[in-house]
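# Coordinate inspection notes
Here's the letter readout for the chains.
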Amino acid sequence: GFERAIAIAPGHAEAANGLAWVMLDEGREISRALELAAFAASDSGRADHLDTHARALAAAGRCKAALSRAREAAALEPESADRPNALAAECGANAR
């Protein structure tokens with residue numbers, strides 16, 4: 001899986017993004033998911049990687065940063081235009 005791919009090629013943004021996504025879906029190791037997602041987003045600049053990073057930031061309680069990252073993704077990929085609104089709803093009054 002993704003963990004094996006990262007062990008073989010630690011600089012592989014796609015594997016880092018995939019593992020971060022799985023971790024977020026499973027609600028485990030949020031700090032590690034955030035680290036992986038940040039790497040993937042900064043390495044590739046792809047909208048889907050920026051979106052994963054936004055999810056990780058939100059899961060870590062960093063809602064303002066998450067909304068900013070989600071807006072970056074939406075600017076690159078118009079079909080993701082609703083993502084900042086979804087994150088804002090998830091974050092609610094806990095935005096910081």
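First, a word on scope: everything that follows refers to the structure included in this document. (Residues numbered from 1 in each chain as written. Predicted model: local features only at pLDDT ≥ 70, side-chain atom pairs only at ≥ 80, totals over all residues. Heavy atoms only, no water.)

### Brief notes about the nonpolar core
Membership of the largest hydrophobic core comes to 23 residues, with the highest contact counts inside it found for Ile6, Leu36 and Leu87. For this core, the elements supplying multiple residues, two or more each, are helix 2 (13-26), helix 3 (30-44), helix 4 (47-59), helix 5 (63-76) and helix 6 (83-91). Ranked by residues supplied to this core, first place goes to helix 2 with seven residues. Residue contacts for leucine 36: discarding those within four places in its chain leaves Ile6, Ala16, Leu19, Ala20 and Met23. (Core = buried A, V, L, I, M, F, W, Y, C linked by side-chain atoms within 4.5 Å. Buried < 20%, exposed > 50% of the residue type's maximum accessible area, 1.4 Å probe, protein only. Helix = DSSP H or I, 4+ residues; strand = E, 2+ residues; numbered from the N terminus. Contact = heavy atoms within 4.5 Å.)

### Structural notes on helix 3
The end-to-end C-alpha distance of helix 3 is 21 Å, a good match for the 21 Å that 15 residues give at a rise of 1.5 Å each. Those residues of helix 3 not exposed but buried are Ala33, Leu34, Leu36, Ala37, Ala40 and Ala41. Looking at the buried side of helix 3, the elements it contacts are helix 1 (2-8), helix 2, helix 4 and helix 5. (Expected span 1.5 Å × (residues − 1).)

### Here we look at the pattern of salt bridges
Applying the stated rule across the entire model yields eight salt bridges. With a closest N to O distance of 3.0 Å, arginine 55 and aspartate 25 form a salt bridge. One end of the pair, arginine 55, is in helix 4; the other, aspartate 25, is in helix 2, and 30 residues separate them in sequence. Relative accessible area serves as the criterion here: at 16%, arginine 55 is assigned to the buried category. Glutamate 29 is paired through a salt bridge with arginine 28; the nearest N and O atoms lie 3.2 Å apart. Judged by its relative accessible area of 45%, glutamate 29 falls in the partly exposed class. The exposure class of arginine 28 is partly exposed, given its relative accessible area of 26%. Within the structure, one salt-bridge network assembled from shared partners comprises Glu14, Arg46 and Asp48. (Salt bridge = Lys/Arg side-chain N within 4 Å of Asp/Glu carboxyl O.)

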